[in-house]
Amino acid sequence: MNDVPDPEVPEKARRRTYTAKYKADVLAEYEACDRAGKGALLRREGLYSSLISSWRDQREAGALQALGKSSGPAPADPAVRESERLRKENQRLAAELEKAKAVIEVQGKLSALLEQFSTGSSTNDEKR
């Protein structure tokens, strides 16, 4: 009895999102239709012809296949994860080694300088 749609407009509009499968299905159906069928399909699905054009471009670029894949990084092979962990550890240890070399070099120079002062002061004491 109450077939009247609700006249209220939602407070915030939400963008429609389309899955890669939906896009591929609609493109296949759209391309199989004649001119009148294409318009009917667009009206039925609530789409614009510009969407069809951009979806076609995405398909040609291979983006629809990429969109169909799960998001996030691909699950890594345990050997790849271990290799990555070892590479990072190697970088960390190499950085520590460089710091240690620099400290040893500074200590050597300081030791030589202190030795010069001590020998210099002992020769100065002998000259007096």
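As a starting point, this report considers the structure included with it. (Residues numbered from 1 in each chain as written. Predicted model: local features only at pLDDT ≥ 70, side-chain atom pairs only at ≥ 80, totals over all residues. Heavy atoms only, no water.)

1. Some details on the packing of aromatic side chains
Step number 1: Applying the stated rule across the entire model yields three aromatic pairs.
Step number 2: On the basis of an interplanar angle of 70° and a centroid distance of 5.0 Å, the ring pair of Tyr-18 and Trp-55 is categorised as edge-to-face. Here Tyr-18 is found in the segment before α1 (20–32), whereas its partner Trp-55 is found in helix α3 (residues 49–61), with 37 residues between them in sequence.
Step number 3: Among the residues examined, Tyr-18 registers a relative accessible area of 22% and is labelled partly exposed.
Step number 4: In this structure Trp-55 comes out as buried when scored by relative accessible area, which is 2%.
Step number 5: Connected via pairs of aromatic rings, a cluster forms that spans Tyr-18, Tyr-22 and Trp-55. (Phe/Tyr/Trp six-rings, centres within 6.5 Å; stacked < 30°, edge-to-face > 60°. Helix = DSSP H or I, 4+ residues; strand = E, 2+ residues; numbered from the N terminus. Buried < 20%, exposed > 50% of the residue type's maximum accessible area, 1.4 Å probe, protein only.)

2. A closer look at the nonpolar core
Nonpolar side chains in soluble globular proteins tend to end up buried together.
Step number 1: Core analysis: the biggest nonpolar cluster contains eight residues, these being Val-26, Leu-27, Tyr-30, Leu-41, Leu-42, Leu-47, Ile-52 and Trp-55.
Step number 2: Breaking this core down by element, the ones donating at least two residues are α1, α2 (35–45) and α3.
Step number 3: It is α1 that provides the largest number of residues to this core, a total of three residues.
Step number 4: Look past the residues within four positions of Leu-42 in its chain and what remains in contact with it is Tyr-30, Leu-47, Tyr-48, Ser-49 and Ile-52. (Core = buried A, V, L, I, M, F, W, Y, C linked by side-chain atoms within 4.5 Å. Contact = heavy atoms within 4.5 Å.)

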